[in-house]
Every structure is written in C-alpha cells, then in structure tokens.
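# Close look at the chain arrangement
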Amino acid sequence: MPKTGSSALQKWFATSRANLLKQGVLYPQSNKNKSHPFLSLPLDFEADGQRLLLDEIGRSQIKADQVFEKTWAALEAEIRATSPETVVMSTEYLFMRIGNKGRERLLRAIDRTFSETKIAIYVRQPSKFYASHVQQRIKHSATLPTVRPVSWRGKIEAWEATFPGNVSIRTYDKSALIAGDIIADFLTSYLGLTRHDTAGETTVNESMSAEAAQVLQILQLDRFPGQDDVVIPERNRLRKKLLEADRKLSGFTRPKLLAEIADHIDYASTDLLWLRDKYGILFDDLDYTRISYRTVGELSAERISDVFEINAERLCALEPVMVEAREMTWLKACAKALGLS
C-alpha cells in the first residue's frame, strides 16, 4: 500500500540492479521510473488512472492497453536476455486497484510469463499512514484527504481471491521490520538475501513540518485556486524555497496529528481487528480493546491546523518565504494561518 517505504525500496532496487542480477534476481528496467507503474494500466485506467500516468498517456484505455502490452513485451525480452530465477516488480498503484475491471489483461500476461507469482503487501498503522498521506498530498494540492477509518479488507480479499495462498502481509513499522529497515526486511523475508550496503531506509520523500505544510496550503489557496493535482513549476519552486526555510529554522519536527484525529482514524478502523485475527498483524501503539465501529465515520478537515499540531511562533517565523510570494502580504497570510481571518 502507499506510504510504506515503497519509494525507498524501489530506489534501492533500481540502483542495485546489477548486483541483484548476479544473485539471480531481476529488477526490470522501467523507462525513467524506478518502479513499475505500467502494471496498473489495464485496470480501468480511464476512470481510475493515476495523475502522473494520465498526464503522460491521456484518459484513453485503448492507449493505456497499448502501452502496457509494449512495456510487457520489453519485460519479457529482458527476462530472456538475463535468465533470472526471480523477478521483482513494485508499484503502489496496484494495491487499491486489483479488483478493477480490465484486470484479466494483467492476469493473462502474468500467467503467460511467470511460473509462480507471490504478492508482498506491507500495511501501516492507519493514523501514521494518514499523516504521511497528508504531507505527500499537500505538495500538489490545497485540499486534504478525508479523515476516515481504513478500509483495507476488501482490497486484501481481492488479492487473496486473485492469488489464493500466495499473498503475504507484513507490518510497516520500525519495530516490526527486520533491522528496522524496509529494504533489509524485504530482502530477507521474500528473497532470502542479506543487505550488504549501509542499512537504514533511504530518504526519498522529504518531510516538512506542520508549519511549512500550513504555509504551503495557504500559498496554494491564494495563488493556485482549483489547481489541485496539476504539475505547476511555480508551485514546485515555492515548495522548494519553503522546504529550505523550514529546514534552516530551529525547532523542526515531523508533523504530529492532533490526538483526537489520530484516535478517530485508528480506533474506528475495525479492519484492524480482522488483520489481527486473520494475519496476526499488530501495531504496538494501539489499544485493541478501544477499536469499535463509529456511527460518524468521516470527519471534515479543511486546514492543516485541523489535523496537525501547529507551533504558532514557528509558523510566523517563516515570514521570508511568504514575502517571496509577493502577491500575498505576510500579515494576511499569518492571520489566515492562525485562523484569525
């Protein structure tokens, strides 16, 4: 699933491709990508395609299928040229989509090429997933994901129905991972290999403080209204300057969810009980006796300050970045950030 160290894992596999191949493991080339997003192209791409792929291909299922078949043919050619024992492919785009229409095309290709298929799924504590999801989303959008309990069961059951007996689920949490590291955990658990380079997850998706996230949201509402999930160079430039200022400013901490938000997400997520009972998946931070169905499943969240703790003094200290935006006065911005206007 998303936000479980997939980017770090994919980057490591891509940069370790030659050494892995010596050990009989192929991590296929994938154009300029370190992952294999093409795997999701047959899965109702017109209605449920990812933003970056839509920008590249357009909302056409016919073209998506053509790109998939061409890329799969290249994969088969690479397999013939390298004769590996094992092929590893990775994309977080598949987790929520395996039940979509059009999957028969993907399954036919898999069945044609591989003698055995194993599915590796990592799951993360719901509140920690949400906090990470907000940080990623705010980079390209001023709107926040809805605060709601997780609904993984249907997705995981779709995987089980598709690959019965070949689905493995592991916990993405530092205390549960082998050596506290996603790369070492995957290598050991699924490939029987040992990580020989320096352990420790590679930083790929850089974190920003809750204060910086609040500023970035305000900038987007003011300068890019209604332009969510669209690549805008000016927005990228402002975000880069904001991250630089954020790191230089003292008191930087990773965003922390408000207690009531974290509790609602975790303890309304009854799928956690199913994961515990069926797969033995446990998250150490949770009191499982508190998990129960809530009549109010979703909570609205419009501002970063609705979900994260905000240090007001540190927020106002980011003034230089706001001044750089020019079109928005610092006084107005700070007032908005503090909920005073």
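Residues numbered from 1 in each chain as written. Predicted model: local features only at pLDDT ≥ 70, side-chain atom pairs only at ≥ 80, totals over all residues. Heavy atoms only, no water.

So, about the pattern of salt bridges. In total, this model carries 17 salt bridges according to the counting rule given. The closest approach of N and O atoms between arginine 105 and aspartate 65, which form a salt bridge, is 3.6 Å. Placement of arginine 105 in helix α6 (residues 103–113) and of aspartate 65 in helix α5 (residues 61–82) is noted, with a sequence separation of 40 residues between them. In this structure arginine 105 comes out as partly exposed when scored by relative accessible area, which is 26%. (Salt bridge = Lys/Arg side-chain N within 4 Å of Asp/Glu carboxyl O. Helix = DSSP H or I, 4+ residues; strand = E, 2+ residues; numbered from the N terminus. Buried < 20%, exposed > 50% of the residue type's maximum accessible area, 1.4 Å probe, protein only.)

Let us look at the nonpolar core. One finds Trp72, Leu106, Val123, Trp152, Trp159 and Leu275 to be the most contacted residues of the largest nonpolar core, which totals 44 residues. Where this core is concerned, the elements lending two or more residues are α4 (51–57), α5, α6, β3 (119–123), α8 (153–162), β4 (167–171) and α13 (271–279). Considering each element in turn, this core owes the most residues, 5 residues, to α5. Residue contacts for tryptophan 72: discarding those within four places in its chain leaves Phe38, Leu39, Met89, Leu106, Ala109, Ile110, Arg112, Thr113 and Phe114. Ranked by size, the runner-up nonpolar core spans 26 residues in total, among them Ala131, Leu257, Ile304 and Leu315. (Core = buried A, V, L, I, M, F, W, Y, C linked by side-chain atoms within 4.5 Å. Contact = heavy atoms within 4.5 Å.)

Let us look at the environment of valine 215. For valine 215, the location among the structural elements is in helix α10 (residues 210–223). Residues valine 215 and glutamate 319, 104 residues apart in the sequence, show an inter-C-alpha distance of 9.5 Å.

Space left empty within the atom packing is revealed by a probe, the size of a water molecule, rolled over the atoms. In this structure, the second largest pocket spans a volume of roughly 1,100 Å³. Val87, Met89, Lys118, Ile119 and Ala120 are, among the 41 residues lining the second largest pocket, the residues nearest its centre. Elements represented by at least two residues in the lining of the second largest pocket include exactly α1 (6–15), β2 (86–87), α6, β3 and α9 (182–191). Ranked by residues supplied to the lining of the second largest pocket, first place goes to α9 with 5 residues. (1 Å grid on protein atoms, 1.4 Å probe; cavity = no way out; pocket = protein on both sides within 12 Å on 5 of 7 lines; lining within 4 Å. Points joined across faces, edges and corners; volume = space filled by probe spheres on them.)

At a minimum axis separation of 10 Å, α8 and α13 run at an interaxial angle of 35 degrees. Together, Arg153, Ile156, Glu157 and Glu160 of α8 and Asp271, Trp274, Leu275 and Tyr279 of α13 make up the contact between the two elements. For the contact of α8 with α13, the per-class residue count stands at 4 nonpolar, no polar and 4 charged. (Axes fitted to C-alpha atoms, helices over the stretch in contact; angles between N-to-C directions. Nonpolar A, V, L, I, M, F, W, Y, C, P; charged D, E, K, R; others polar.)

Our focus in this paragraph is the packing of aromatic side chains. The geometry of two aromatic rings is summed up by the distance between their centres and the angle between their planes. Taken as a whole, this structure holds 11 aromatic pairs when the rule is applied. With 5.7 Å between their ring centres and 85 degrees between their planes, phenylalanine 13 and phenylalanine 186 make a pair best called edge-to-face. Note that phenylalanine 13 is positioned in helix α1 and phenylalanine 186 in helix α9, a separation of 173 residues in sequence. With 6.4 Å between their ring centres and 65 degrees between their planes, phenylalanine 38 and tryptophan 72 make a pair best called edge-to-face. Of this pair, phenylalanine 38 sits in the loop between β1 (25–26) and α3 (45–48) while tryptophan 72 sits in helix α5, and the two are 34 residues apart along the sequence. Under the relative-accessibility criterion, phenylalanine 38 is labelled buried at 8%. Above the ring of tyrosine 279, the side-chain terminus of lysine 278 is found at 5.5 Å from the ring centroid. (Phe/Tyr/Trp six-rings, centres within 6.5 Å; stacked < 30°, edge-to-face > 60°. Lys NZ or Arg CZ within 6 Å of the ring centre and 35° of its normal.)

Running from N to C, helix α7 (residues 126–137) and helix α12 (residues 259–267) cross one another at 125 degrees; their axes reach a closest spacing of 8 Å. When the axis of α7 is compared with that of α12, the two are oblique. In contact with Pro126, Ser127 and Tyr130 of α7, α12 contributes Ala262, Ile265 and Asp266. (Parallel < 35°, antiparallel > 145°, perpendicular 65-115°, else oblique.)

A word on unusual backbone geometry. Phi at aspartate 44 is positive, roughly 50 degrees, even though this residue is not glycine. Inspection of the secondary structure puts aspartate 44 in the loop between β1 and α3.

Only one face of β4 is buried: it carries Val167, Ile169 and Thr171, and the other face, with Ser168 and Arg170, is open. Relative to β4, β3 runs parallel, the two sharing 5 bridges. The residue of β4 that forms the bridge with isoleucine 121 is isoleucine 169. (Pairing = 2+ DSSP bridges.)

Bear in mind that shape data such as this cannot, by itself, settle questions of function.
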